[in-house]
Structure formats: C-alpha cells, structure tokens
Amino acid sequence: MKTPAAAHACGVMLVLLSLPAVLQTTPAQKNVIDIYSLNVDSKVSSRFAHTVVTSRVVNRADTMQEAVFQMELPKKAFITNFSMIIDGVTYPGNIKEKDAAQEQYSAAVARGESAGLVKVTGRKMEQFQVSVSVAPAGKVTFELVYEELLKRHLGVYELLLKVRPQQLVKHLQMDIHIFEPQGISFLETESTFMTNELANALTTSQNETKAHIRFKPTLSQQQNSPEQQDTVVDGDFIVRYDVNRTLSGGSIQIENGYFVHYFAPTGLPTIPKNVIFVIDKSGSMDGKKIQQTREALIKILDDLSPKDQFNLISFSNEATQWKPSLVPASAKNVEEAKSYAASIHAQGGTNINDAMLMAVQLLEKANREELLLPGSVSLLLLLTDGDPTVGETSPTRIQKNVKDAINGKYSLFCLGFGFDVSYPFLEKLALENGGLARRIYEDSDSALQLQDFYLEVANPLLTNVAFEYPSNTVEEVTQDNFQLLFEGSEMVVSGKLQDQNPDVLSATVTGQLLMQNVTFQMESRVAEQEEEFRSPKYIFHGFMERLWAYLTIQQLLEKMVSASDAEKQALEIQALGLSLNYSFVTPLTSMVVTKPEGQEQSQVAEKPIENENRHRSIPSVRFPGMLHSFSSRQGLPGPLHFHHHSSFGRTLDSGLASMPAPPGLYEEFHEMDLALKEITQTVLPPAELPAPLHPLPSPASQLVLPAPGTSYAVPAPIQAPSVILPLPGQSVDRLCVDIKHSRGPMNLLSDPDQGVEVTGHYKRNKAQFSWIKVTFKKPQLQVHVSPEQVVVTRDRRSSAYKWKETLFSVMPGLVLTMDKAGLLLLSSPDKVTIGLLYWDGPEPGVRLLLQDTDRFSSHVGGTLGQFYQDVLWEPSAAADDSKRTLKVQGRDHPATREPKLDYQEGAPGTEISCWSVEL
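Since the structure is predicted, the reported quantities are computational estimates derived from the model, not experimental observations.

A. How the structure looks around the environment of A800. With respect to the element layout, A800 can be found in strand 44 (residues 797–801). As for A800 and H784, which are separated by 16 residues in sequence, their C-alpha atoms are 9.6 Å apart. Beyond its immediate sequence surroundings of up to four residues, A800 is in contact with D445, L448, Q789, V790 and V791.

B. The pairing of strand 49 (residues 845–851), seen in detail. In terms of residue burial, strand 49 counts as a mostly covered element, since six of its seven residues are buried. Judged from the seven bridges that link them, strand 48 (residues 833–839) and strand 49 form a sheet pairing that is antiparallel. Bridge pairing in strand 49 links L836 to L848. Counted between consecutive antiparallel strands, the loop separating strand 48 from strand 49 contains five residues.

C. Highlighting the state of the cysteines. Throughout the structure, instances matching the rule amount to one disulfide. Shown here is the disulfide that connects C736 with C914, its sulfur atoms set 2.1 Å apart. The sign of the 115° torsion about the S-S bond sets the C736-C914 disulfide as right-handed. With C736 in strand 38 (residues 734–738) and C914 in strand 53 (residues 910–918), the pair connects residues that are 178 residues apart, well separated along the chain. Pair check on accessibility: C736 and C914 agree, each one buried.

D. Highlighting the nonpolar core. With 62 residues, the main nonpolar core has F263, F277, L301, F310, L462 and F467 as its most contacted residues. Look past the residues within four positions of F277 in its chain and what remains in contact with it is L297, I300, L301, N311, L312, I313, L381 and Y454.

E. Representation of the packing of helix 6 (residues 352–368) against helix 7 (residues 395–406) in the model. Contact geometry for helix 6 and helix 7: axes closest at 10 Å, N-to-C directions at 5°. With respect to helix 7, the axis of helix 6 lies roughly parallel. For the pair formed by helix 6 and helix 7, the contact residues are I352, N353, M356, L357 and V360 on the first element and I398, N401, V402, A405 and I406 on the second. Class assignment for the residues of the contact of helix 6 with helix 7 results in eight nonpolar, two polar and no charged.

F. Summary view of the sheet that holds strand 19 (residues 258–263). The strand order 18-19-30-28 describes an open sheet built from four strands, whose pairing is antiparallel. Looking along the sheet, the strands with just one partner apiece sit at the ends: strand 18 (251–255) and strand 28 (474–475). Summarising the sheet, strand 18 and strand 19 pair through five bridges and their orientation is antiparallel. For I254, the partnering residue across the bridge sits in strand 19 and is F259. Packed onto the sheet, helix 10 (residues 526–534) meets strand 18 and strand 30 (491–497) and runs at close to 70° relative to strand 18. This element, helix 11 (residues 543–562), spans strand 18, strand 19 and strand 30 of the sheet and lies at about 65° to strand 19.

G. The packing of aromatic side chains, seen in detail. By the definition in use, this model includes 31 aromatic pairs. Aromatic pair F179 and F533: ring centres 5.6 Å apart, planes at 85°, arrangement edge-to-face. Separated by 354 residues along the polypeptide, F179 in strand 11 (residues 171–179) and F533 in helix 10 bring together distant segments of the chain. Consider the rings of F277 and Y454, whose centres lie 6.2 Å apart with planes at 45°: the pair is tilted. Here the residue F277 occupies a position in strand 20 (residues 273–280), and Y454 occupies one in helix 9 (residues 446–457), the gap between them amounting to 177 residues. Comparing F277 with Y454 shows no difference in burial state: the two are buried. Joined through ring pairs, the aromatic side chains of F48, F78, Y550 and F584 make up one cluster. Seen from the ring of Y36, K139 lies directly overhead, with NZ or CZ sitting 5.3 Å from the centre. Directly above the ring of W839 sits R847, whose terminal nitrogen or CZ lies 4.9 Å from the centroid.

H. Quick peek at the pattern of salt bridges. The tally for this structure, following the rule as stated, stands at 34 salt bridges. A salt bridge links E72 to R164; its shortest N-O distance comes to 3.3 Å. Pair noted here: E72 is in strand 4 (residues 65–74) and R164 is in the loop between strand 10 (157–163) and strand 11, with a separation of 92 residues, a long-range link. You'll find E72 and R164 in the same group, each marked buried. Across the pair D236 and K162 runs a salt bridge, and its minimum N-O distance is 2.7 Å. On the criterion of sequence distance, the pair formed by D236 in strand 17 (residues 235–243) and K162 in strand 10 is long-range, its members being 74 residues apart. In terms of burial, D236 and K162 fall into one category: buried. Residues joined in a network through salt bridges with shared partners are R47, R152, E180, D242, R245 and E490.

Definitions and limits used
Residues numbered from 1 in each chain as written. Predicted model: local features only at pLDDT ≥ 70, side-chain atom pairs only at ≥ 80, totals over all residues. Heavy atoms only, no water. Helix = DSSP H or I, 4+ residues; strand = E, 2+ residues; numbered from the N terminus. Contact = heavy atoms within 4.5 Å. Buried < 20%, exposed > 50% of the residue type's maximum accessible area, 1.4 Å probe, protein only. Pairing = 2+ DSSP bridges. Disulfide = S-S within 2.5 Å. Core = buried A, V, L, I, M, F, W, Y, C linked by side-chain atoms within 4.5 Å. Axes fitted to C-alpha atoms, helices over the stretch in contact; angles between N-to-C directions. Parallel < 35°, antiparallel > 145°, perpendicular 65-115°, else oblique. Nonpolar A, V, L, I, M, F, W, Y, C, P; charged D, E, K, R; others polar. Phe/Tyr/Trp six-rings, centres within 6.5 Å; stacked < 30°, edge-to-face > 60°. Lys NZ or Arg CZ within 6 Å of the ring centre and 35° of its normal. Salt bridge = Lys/Arg side-chain N within 4 Å of Asp/Glu carboxyl O.

So yeah, pure geometry; function would need other evidence.
The following block contains the structure:
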C-alpha cells in the first residue's frame, strides 16, 4: 500500500475537535456516494475489545462529491487509528498533544476553512466524523480503530456496536470474536433493528471459552420491503456475557510480558450497610423529576435488607431529616419511609451544604452511640438536579466542608439529575470521598436509572481490598487498593512482568468481611498463560500491554479530578506520555490526518469531556418534519452513517411548531447557539413546504349533521374482550374471557413445568390491563409492561424500552422481539409463546396474547390457566344455540356467542363471533 509522497506532506491537515451536537438530515440524492462494503470486526480478548470499522465507498456521479464518514463509538473507548485510502494512497492519522493540534486547527480557522467534530451523541456514545472530496468513479476506504476495556456492571459485560449505513450495502458483515480463558458462563445478543428476516443472517457459535457472532445480511434481507430501497439496518447491536468464577483469588492472565488480574469472587455474604438518602426537593425538581424520584425511592426502600439501617434527608432552602437517627430496615420502618417518600414535594432553593453535613452528622452520632454494626458499611447517596443556591453556594467550599466532615470514614455517591447540574462539581465531591458520580438522564426511564445505580452499590461484599505481588517480579502496577467491592462488579489490576520472567506469578488479595480479615492466595504459571493467548488466530495479539496502558490512563484521568494543582500536573504528564506512546485519543491528545493536497478543509478531533461546559453532553435528536434545504455540496450515507451538509430554516410549519417537545429538547437548544453559527439560514419556498401535520378535512370528509327532529337507534359499540384464549384440540377453537370481578393484581397463568408465571392488574372501569408481568424461571427473567413502557429485568439488571421500537433479543432459552406495531413476543422452541400488546384505544392499556397453548403442562393454573385443564363444553340448548355451558374443573360457566373485537392484530381490531364467558 502506498503512503503519501513527501511532496504531499505539507498538504491540508484534518484535525478533529469536539463541538456541540447538530441536527442531522437525510441525503438529498440517494447513493451518489455508494457504500459497496462495510465490515465491523470486534475482537474481545479477556474483556479488552479491539474494534475495526472498514468502509469502502465509490462516487457514482459524474462530478466531484463529498463523502462524510460518521461513526458512533462508546464514550469509554479510545480511538487508536484512523486512515483513508484514496486512489491507492494511504492518508494515516497521527496522535499529537492537544495543544499542538489546536495550533493547526486555529490556523485553519483563520484561513476560513471549515471544522469537523467528535461529539457526544447519547448516554453511552460519541460520534466521530470526517469528510473528503471524491472524484467521479473514485474510491475511498475509511478505517477506524478503537479500543475499550469492558466493565462488569450488575454481573455482565456489554459490547455495544452502532450499525447505521443508511443505505443498502452489497457486502455488509459484522464479526465479534470473544475469548475468555475463565470460560463463558452465558451469552446473549440484542438488537434494535433486527427483523425475522434479518435474524436469518445472524449466527452464533460458542464453546467453553470462545464465541463467534456473525451478522451477514444479503441485500434483500436489508430491504425495508421489496418495493423500497431503504435499509432496516439502523440501530444498536449489543452483546452481553459473563464468565465462570469461583470463591477464589480471581483469574491472573499473562500475555507478552504483561499481566491482568480479575477479581470478583462468588459466594461471599453481603455486608450490612448504613445508608442515608439525601434528596433534592428544590423547585427545579418539580414535575416529572420529583415524581420519578419518589417512584424510584419507594422501590429502592423495598430492596433494603432487614440487617441494614437507613434514614432520609430531603432539602430545598433547608434540610429536613425523616427520623432523628438511623433506624433498622424493618418492614414497619420501610413502610413508614415509603409514605414519607411519597409525600415529598418540590419547592424552594438548593442547600446542598447543610443537607450533606446533616447526613454526615447522623452517621457520626450513630457511631458515637455505637449503634452501627461493627464492620458494616456506611454510604451517603446524594441526588440533586442543580447548583447550590442557598446557604453555602461556593462549590469549592462545599467540597472542602464535606471532605473534612467525612474524613475518609464513609463513601459518598452523587447522582446528577439532568443537565442543569455541574457534573464536575459532583464528580469531585464523590471521588474525594471514596465514591463515584453518575448522571441521570431526563427520560421516561429516569426512575429505572436511579434504581439501577442503587443496585450497583446495594450489596457490599468486601472492604479495604488490597492486591500484593512479589516486588521482584512485577512493576508499573495499576491501582491495587480499593475501598469497596460490590456484588456484580469486578476489580481489575494490571502490570508488567520484570525482565527476568518468573516461572510462577503469585498474588495475595486481602480484605475485610464484617470484622473478619479474609485472604485469597493464588498462582499463575507464566509459560502456560503466554501459550494460551499465543495460539488463537482471532485474538488481537499484544492486547494485554494495551489493556494495561488503557487502564493506567483511565485511572490517571480519574485521579486528576480530585488532585491538587501540583499533583494534577504530574498526573497529566504521565497520562499524556502514555496516550502518545500507545496512540490513544484521550482528553489530552488529538488526532491529525493528512488529506489530499488542495482539499480546503481542516478539522480537529478531541475526546469530549463530560460536562466540559454546561449543556455540552447532550444527546442528539432528529426531528421528523424539520424544514431544511441542502447545500450544493453532495455527501452521502457512509459507514456507519454518512450524511449531507445541510441548512435549517427558522420558519417552521405551524403543525410542527405545536408539537410537544421531546424529553431533553430544551437542553438540546442550549447547544444550538454554537451550532447555528455555522448553519446557513434557509427558508424553503412555499411549493416545497411539507403538508401540515393535522390538515383540515376536505369537504367530502366533513361531518354531516342529521336534520332537526331526526332520531336514530345507536347500536352499542362492539367491545374487545379482556382476553382471547386459543383452545387447540377443543370443539371451540377460541374463548373470549371478560373479567368483571377483579380486585387488585391477579394470577393469570402459572405453569411450574413451563417455568412461567403471568400476573396482571385489570381495571374494570377502563376495560384494560394497567400492567402485566411475565416471570420466567429459566432464564431468570421478568418482563413488566404498562402503557408507558416495557421493562425487562434479567437477574438484577433492568432495561426500559418504548413501545413500537424494534427489539430483537436472543438469550439462552428465550427470544424476545418487539415490532413497530407494539407487539412484544416472548418465545422459545418448547414453551408457550406469550404476546404483550400495546392497545392504543381511547384508554391506552396492554393486552395479553397466547400462542402454542398446547405446550401447557397438566399443572397449569390461574384465572386464565384453568381453561387449559379439564374443560368440557355442554351441547347447546335446543331453543337457543347461542348459549352453552362450559365446565371447568367441575365448575359451570355460562357461555354466550356474541360479536367481539379481535385485538390480536392491533387497534382498532376486527369483528369476530366468539363464545364468551364472564369471570
């Protein structure tokens, strides 16, 4: 492969810079820039993921076109390489110190050249973008490489890949190879774009230590429909897995002179905790935020162990404690606390300082009075959505006051709700006091995010954990002392073996469990470990050294948050040196890419920083119907996303202007101030305006009123039954069940042999289920649906999904799918298929569907399950063949044949004739 000649070395540079999120548009002209090949190859070697994205495009037009390469990658990942091959010449990326790259960027801006960007695009992702001009029939190969260490969260590792080509791709392939020497204990995949047709292109193979997932759809499988050339491949592809582990000192793995030590023992009892919830109830929390906080807090209180102690502090202008001291988490106290939580209302200012000092004083008082169980863990959980406005308002002084009060004795965890809060302030507050900070995004699942965070810290297993290795065998070891180990997490230590490689690397891990010291001893044979990683062809060789560098940089960056100015400078020098040596784009470095001579564009790409300034880390949003026009420069969908440069008019259709704002919209427009400076204002001529969202009825469709004095007999509308039950093998093939006497939650179905239980709450006044919950024993899974959302809980992990969003999740023993009509199916080759349907009627609700009911066992029971046991239909009475008697387990149920609405195909339903019974 050729590289640029020396004469080209002075060509235009591309430098990538973080800028605010901008709105994206659809291409003005399809497939002018054609992606003929897109390959995503991810190799996960012992949790360390090395991902290569290769896209090949060709310009099908007869004029010069601009191709824009856009790719989303995880926030925790570091870009390590980017290159373009144009006409056989490679234009590589070079990692430079940020200041040096910034000089080139500033010079480019001074010359009037445009800027590209790397920006945050959501909760977990960042977007990389670069553009290049392509001659007619010209071809370009883009290659992006990034790396990350997968972190164990609530018992799983997660690899997230974005796949968004925005056009059909002739050769589209994704390969994920996983190698885990400890053994893979479970593996599941999930996709937001997979269809039944696409599922045939997905293959998974797995043995004890290796897994290979391949997605290779044909052109026809990618198509939305035979008539449309649009692709359905657009969204997330997620792989989740965990490894085998025992009650031991963990797993030491060695490759190419470096080692990594993973520690997450099983079988340890949970340490009792003393927890104080410090809840912001200032006026800015009013509305949805305080409602979701109450909802989450009530569920969190239910999760407390009887051995725990707790208290609640709510604050606005002043701080108020629920009880004068900590109380045991007895059933009575928890119920009282839930009532208190339900009564919290938002008003007033934000006095963080007094609230935090009150919380610390509660723990200090309990400590002095010897009310805390010896060896228990004390935690402070702060939830706030804004900056301090009452009392002490200086963030620096608040941080000092809290640090002095805690004095290293307790751990503080900070949750920042939304984007009006200073995240760096909370992050430093937490990291200085043995905890961590997390942003809670304003969305329909905010309550779940709060619960999810609590579950991460709900079960402490060990305190004061220390790793020790023989000093004459290892060097440059990463962090080896940790304050707390929580269930579902994992401690990771990495280092370098000294030149005289030992035959055996030994390790000692110590910690405290209540008042008892525990010690784990283990050994790893170096030669055997080295050989294990040397042979597999699909392993990214030399990965462990890069894992060590990645982990070291991440820990140095974290230390910089709470370090003094003098310490921060030394840490920055060390992190910068590693970033440059290992070619990582970190917050301290930038990537510079040479481009063909004569292309007047320079861009700076930097690692975005969480809340570098307020309203920076905002998810990007697409608005259907946003008015726009396209500039004359032609660019087209690219690997995982190409788009045109576009302009946005400020005049909106009145129908659009009246639409309710999506969550996060107002925060989004804080970002727009900067973005709009580089956007041409264009208003479309009237002929190009889209039709109003709510057009007036035409004369033919207008309502015709009856003449005065005319009367009509209005027939009663046909209703949908509560549930339609298929009855295979019986004289009546389906039964309509109307629930008329429900009180509270009902056991609808229970089959111990199938390992499934279905419960629900039926509201008679709305003739709908307000919620339905399906629980599986194997795999351990719970699906809870309501008109608002779908919540899937696996073990302790909960994920929320919105209705009518495509979902395809494959896990051992179960497939979970949802289509755009709002039908959620839970299926397995040997189980009854359970459907849950969003019913978009006058009163939104959820409905239950059943398929393959012949698979129910003889032990099925429940309100609906009884109809699959000992059912006998009596013959119709001679006088009235619309009435029969249904005998169910010896009980008679009058049945009537009557018209009903079949809801199984979705609203508004179709009329059927059905035998109906009332319960």
